[in-house]
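Notes for the structure review
Here is what each chain is made of, one letter per residue.
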2 protein chains.
Amino acid sequence: MSDDGGQELGVTKSKEYETGEWYAEVVQKAGLASYGPDRMGGFIITRPRGYALWEALKSELDERFKTTGVDNAYFPLFIPESFLEREKDVVEGFNPEVAWVTHGGEEELEERLAVRPTSESIIAPYIAQWVRSYRDLPMRLNQWCSVVRWEATETKPFFRTKEFLWQEGHTAHADDASAWAETLMRLDQYANLYEEMLAMPALRGAKPEHDKFPGADTTTTIETLMPDGKSVQAATSHHLGTSFGEAFEITYTDENEGESVCHTTSWGLSWRALGALIMTHSDDQGLVLPPAVAPEQVVIVPIWHADDREEILSYADDLAEGLRNAGVRVELDDRDERNPGFKFNEWELKGVPLRLEVGPNELESETATAVHRPDGESVSIDAEGIATSVENHLDQIHEKLYDAASTNLTENVREADSRGEILGTIGQHGGYVAAPWCGDEACETKIKDEIAAEVVAVPLDTPVDEYASGRAIHEVTGDICALCDDAAETTAYFARTY
Amino acid sequence: MSDDGGQELGVTKSKEYETGEWYAEVVQKAGLASYGPDRMGGFIITRPRGYALWEALKSELDERFKTTGVDNAYFPLFIPESFLEREKDVVEGFNPEVAWVTHGGEEELEERLAVRPTSESIIAPYIAQWVRSYRDLPMRLNQWCSVVRWEATETKPFFRTKEFLWQEGHTAHADDASAWAETLMRLDQYANLYEEMLAMPALRGAKPEHDKFPGADTTTTIETLMPDGKSVQAATSHHLGTSFGEAFEITYTDENEGESVCHTTSWGLSWRALGALIMTHSDDQGLVLPPAVAPEQVVIVPIWHADDREEILSYADDLAEGLRNAGVRVELDDRDERNPGFKFNEWELKGVPLRLEVGPNELESETATAVHRPDGESVSIDAEGIATSVENHLDQIHEKLYDAASTNLTENVREADSRGEILGTIGQHGGYVAAPWCGDEACETKIKDEIAAEVVAVPLDTPVDEYASGRAIHEVTGDICALCDDAAETTAYFARTY
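What you see is a predicted model, and the numbers here were worked out from it, not measured in a lab.

Another aspect to go through is the overall build of chain A. The helix and strand tally for chain A stands at 13 helices and 24 strands. The globule rule puts the C-alpha radius of gyration for 498 residues at 23 Å, and the 25 Å found for chain A is close to it. Overall, chain A is about 80 × 55 × 50 Å in size when its C-alpha atoms are taken along their principal axes. A total of 498 residues make up chain A; the buried ones form 50% of that total. Expressed as a percentage of contacts within chain A between residues at least 6 apart in sequence, the contacts between residues at least 24 apart total 69%.

Here it is in structure tokens:
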């Protein structure tokens, strides 16, 4: 990819000490994204190397959706204000923070149009038209699109932008069991995607009542823990019960010719996944990518002198071809105008998981020196059977990244049973603090007001055995809420968030 | 796909006599699209069967772009009004018919944001930032997105909608020759896509001066002829010269350390391609799809009686598996609640290219009866080696469709050299009428005012030998404009349009 402007210098900030500035630098210098124009705070430009990551996730997830009964569709970008207001039947005090289109050409519109913040209210009326009998169920639609939410908070590329790319799935079912199975299957697919593509473990749970998707019966969530101790809501899957079915009259004729209301779900994963990816694995040298999403999994850097250039390049070319034929995404960096040291730095900045160095020694011994991006581990591998060795090293790199993230998660779930202990533990260590909780928002506020941590998840009270991915969050013992004298109803996972 | 509501009845209108109503019926009854809500005239809902066609085109074209140096990216949905106005440097009297966002949440915005009608004005400033030296060139970016154009004309799904899906490519080059080669390569890819995926020949040419993309040096176009004699602008590729380079200061340092302005191009193909596809091949039984884009290339309809159901289903299943293993997209319609006649009609309506009927006779003789969707041709084929036969039949079906469209095009290019003859010929036959033309818009008006035909293309005056796809439109002889006494500068292809 040719758009490598702006990276003459490497990353200058420290991930540990200046996390925010470091993140912004990695995003820009690795060529992932640029900030929008001055007049458009909150918007970003997704550059080819950033978009390629999104395409990798999208392609994999889309495939998984399609093999599990989902059809893609496309609904309009705009939603009439009256449609959004219809959600008031579902949600009291619904007040969307959206971008409003008021004029088309020179004309003022009779009714304002919202740029979609999510599409339940325009998709539901069509599902209501299309579903007639139980034979049409389950109906599963998904769209890949961008949505706009007019939040005034500071921009953080991929984590927090006024416009973002995502997919939104919308399904209708004959009964509660089918809708629940759908909700959990999608959550499971998200958790698997994080594990297998992004080398990140996810905690699975539910959002507390006051933080559910408006109108949802249950909002299930996966949460990922960043190295700085903050939690990221990595994807959500909503069991909507019959509230949308009733508000939008989504009904079907059952096998006994009776009329029943559909149970619906919706579920989404956004490019925030890329933010979590970058934040989790990258370091002070720049981006670190797991092999499954890396546009280039291997870069070969030939090291030549004036007299052996042709010979070494030809050897490197053979290695590259062998890898390419085995399906490895490989780049041979044969630029004359850059020296090997420059190339090492540049490909480290760009996050390529495995570097193969090929110089006179390697040529003579018919080997290559393989260097792992995450930790610099360096190993000599034979040219013969190189594709197998490389695939093996790529697997090792995935494991290294996953293990580090997994250890971070395991070590940073702590328990507490008083306000002081919750505050102290999060203040000192970050991470998750599990505490018995009455379920009342007022008790969450006692923490939130002090350190901006919140309840990011509670245990899912549905059996999830058949959906084994991710780690179910566990119940703590304790009958009394850690924050008041009421009985504990559940376990709250408190954390700071992105 | 389960969304087959609304097709209990087949198509009732005649393609020949009620083309518009017929088209609307096919689109809806084949489950391709629905009209938007009442308050959103001009918008459509793209249903799974329609979206699958777009995905097939997108996937193929995206692959072709990627193997020819294009990187995907994503730019914001909104463009500040002042950015659009900057195009006034390029185009006098630029007055965009766009949707305007004036409010974000409760706040009125300081500057209105246009929902992108096309993205030159927001992409160009970034290309200007990213291009530094000749080494960065050519830079080729593409995005798949939706755009909005606030036209007040009547909606025709896929042909004319206020929001539509498309791709827009934007490239920067060191010199004119490189930009020209790019412009023609993309036009060629579009023409190939029409031929190979949609079984439609395309005429290649240029738009007349007054109908170019604003600011373009040359707008090249491919035009396809519909059976009703109207032309469709099937895709365009713009050679923008240095006008955008100058307006947006896209410059680079050349090999001699001098500063030069980039030559740029842009090119796009929209879901109008689906409109042209539906209009060209379909008939009074419904949709007809070329095998390359059909979600199901083959449907197997088993014909059983009470006593041989299991045996026939098992035989049909084996055939389906054989085809599936050979990479054929096949559907086995084993529904118990529908009889074979109903199934035939339904799959004809949905446009499946090849039907395999499997009943007691076929079981006994180890054959299947293959029926071509376009013309009903019926042939017995052996179960042994069925994948090869089926692939052969699918090729034949593609050829049949292509040949019919090609014959229509060949037979409907006529010449004329006076106003009366142009009007008479288009009035009687439709199609294209080639006439010597001075190049003046006023002369086009003499036709347009009378029969709503216009100059859809003129010959490209650049050698296009190396881009052989599509048919170059030819020059007619004649030194004097058919519509005034001035000298003829070129050949105008007049046609009615969609």
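Following the structure, the description resumes.
Residue and element names in this part refer to chain A. Considered domain by domain, chain A is made up of domain 1 (32-281), domain 2 (298-407) and domain 3 (413-496). For domain 1 versus domain 3, the separation of C-alpha centres amounts to 26 Å. The partner domain 3 presents 23 residues to the 28 residues of domain 1 that form the contact. For the side of domain 1 that touches domain 3, the secondary structure elements donating two or more residues are helix 5 (176-198), strand 9 (203-206), strand 10 (218-225) and strand 11 (231-241). When residues of the side of domain 1 that touches domain 3 are assigned to their parent elements, the largest contribution, eight residues, is made by helix 5. Here the residues of the side of domain 1 that touches domain 3 sort into twelve nonpolar, eight polar and eight charged.

Turning next to the packing of helix 12 (residues 419-429) of chain B against helix 13 (residues 441-451) of chain B. Residues and elements named next belong to chain B. Put simply, helix 12 and helix 13 touch, their axes get as near as 11 Å, and they point 40° apart. By the angle class used here, helix 12 and helix 13 are oblique. Note that helix 12 runs across helix 13; the crossing there is right-handed. Of the residues in helix 13, those in contact with R419, I422, L423, I426 and G427 of helix 12 are K446, I447, E450 and I451. Class assignment for the residues of the contact of helix 12 with helix 13 results in five nonpolar, one polar and three charged.

Residue and element names in this part refer to chain A. Read across the sheet, eight strands follow the order 3-7-8-14-11-10-9-23 without closing on themselves; strand pairing throughout is mixed. Each end of this open sheet is capped by a strand with a single partner; those strands are strand 3 (71-72) and strand 23 (471-472). Summarising the sheet, strand 9 and strand 23 pair through two bridges and their orientation is parallel. If you follow R204 over to strand 23, its bridge partner there is A472. Packed on one face of the sheet, helix 5 meets strand 8 (163-173), strand 9, strand 10, strand 11 and strand 14 (263-270) and runs near 165° to strand 11.

Moving on to helix 7 (residues 272-281) of chain B. Most of helix 7 of chain B is tucked away: ten of the ten residues are buried. Within the sequence span of helix 7 of chain B, burial applies to R272(B), A273(B), L274(B), G275(B), A276(B), L277(B), I278(B), M279(B), T280(B) and H281(B).

The next point concerns the interface of chain B and chain A. By convention, interface size is frequently given as the accessible area that disappears when the constituent parts associate. Taken together, the contact between chain B and chain A spans 47 residues of the former and 47 residues of the latter. Top contributing element to the side of chain B that touches chain A by residue count: strand 5 (residues 99-104) of chain B, with six residues. Pairing geometry for strand 5 (residues 99-104) of chain A and strand 5 of chain B, over five bridges, is antiparallel. By the bridge assignment, W100(A) is partnered in strand 5 of chain B with H103(B).

A few words on the environment of A128(A). Residue and element names in this part refer to chain A. The topology assignment puts A128 in helix 4 (residues 120-130). Residue classification places A128 among the partly exposed residues on the basis of 19 C-beta atoms within 10 Å. For A128, the residues in contact, after removing those within four places along its chain, are F248, E249 and I250.

This part takes up the environment of E450(A). Turning to its location among the elements, E450(A) is positioned in helix 13 (residues 441-451). Sequence spacing of E450(A) and T218(A) is 232 residues, and the spatial spacing of their C-alpha atoms is 28 Å.

Moving on to the relation of the copies chain B and chain A. Mapping chain B onto chain A calls for a screw motion: a turn of 180° about the axis and a shift of 0.0 Å along it, with 0.0 Å RMSD after fitting. Those values place the two copies in the arrangement expected of a two-fold rotation axis. Rotation axis and chain B: the residue whose C-alpha lies nearest the axis is V101(B), separated from it by 2.1 Å. Comparing contact sets, 100% of the residues at the interface of chain B also lie at the interface in chain A, consistent with an isologous, same-surface contact.

Moving on to the sheet that holds strand 24 (residues 490-496) of chain A. Residues and elements named next belong to chain A. The mixed open sheet is built from four strands, whose spatial order is 20-21-24-22. In the strand order of this sheet, the two ends are held by strand 20 (413-415) and strand 22 (453-457), each with one partner. Taking each pair of neighbouring strands and ignoring which way they run, the sheet shows an average axis angle of 40°. Inspection of the sheet shows strand 20 paired to strand 21 (residues 432-437) by three bridges, in the parallel sense. The residue of strand 21 that forms the bridge with V413 is Y432. Relative to the sheet, helix 12 (residues 419-429) contacts strand 20, strand 21, strand 22 and strand 24, its axis offset from that of strand 21 by approximately 170°.

What follows covers unusual backbone geometry. Leaving glycine aside, a negative phi is the common case for residues, and trans is the common case for peptide bonds. Look at the link from L137(A) to P138(A): it is a cis peptide, with omega at -10°. Position of P138(A) relative to the elements: it lies in the loop between helix 4 and strand 7 (139-148). One non-glycine residue, F158(A), lies in positive phi territory at about 70°. Within the element layout of this structure, F158(A) appears in the loop between strand 7 and strand 8. Non-glycine residue E366(B) carries a positive phi angle of around 50°. If you trace the backbone, E366(B) turns up in the loop between helix 10 (360-365) and strand 18 (367-372). Judged by the 11 C-beta atoms lying within 10 Å of it, E366(B) is exposed.

Right, let's talk about helix 1 (residues 19-29) of chain A for a bit. Residue and element names in this part refer to chain A. Among the residues of helix 1, those classed as buried are W22, Y23, V26, V27 and K29. In the core, the buried residues of helix 1 are packed alongside strand 1 (33-35), helix 7 (272-281) and helix 9 (340-350). Backbone geometry just downstream of helix 1 places G31 in the positive-phi region, at approximately 75°.

Another point: the pairing of strand 19 (residues 378-382) of chain B. Residue and element names in this part refer to chain B. Across the five residues that make up strand 19, only a small minority, zero, are buried. Pairing analysis gives five bridges linking strand 18 to strand 19, with the strands arranged antiparallel. When the bridges of strand 19 are listed, V371 appears paired with S378. In this antiparallel pair of consecutive strands, strand 18 and strand 19, the connection spans five residues, and G376 shows a positive phi of 75°.

Reading the values: rules and limits
Residues numbered from 1 in each chain as written. Chains lettered and ligands numbered in written order. Predicted model: local features only at pLDDT ≥ 70, side-chain atom pairs only at ≥ 80, totals over all residues. Helix = DSSP H or I, 4+ residues; strand = E, 2+ residues; numbered from the N terminus. Rg over C-alpha atoms; globule rule 2.2 N^0.38 Å. Buried ≥ 20, exposed ≤ 12 C-beta atoms within 10 Å, placed from the backbone. Contact = placed C-beta atoms within 7 Å. Domains from an automatic or database assignment. Nonpolar A, V, L, I, M, F, W, Y, C, P; charged D, E, K, R; others polar. Axes fitted to C-alpha atoms, helices over the stretch in contact; angles between N-to-C directions. Parallel < 35°, antiparallel > 145°, perpendicular 65-115°, else oblique. Left-handed = near helix turned anticlockwise from the far one by under 90°. Pairing = 2+ DSSP bridges. Least-squares fit on C-alpha atoms with pLDDT ≥ 70 in both.

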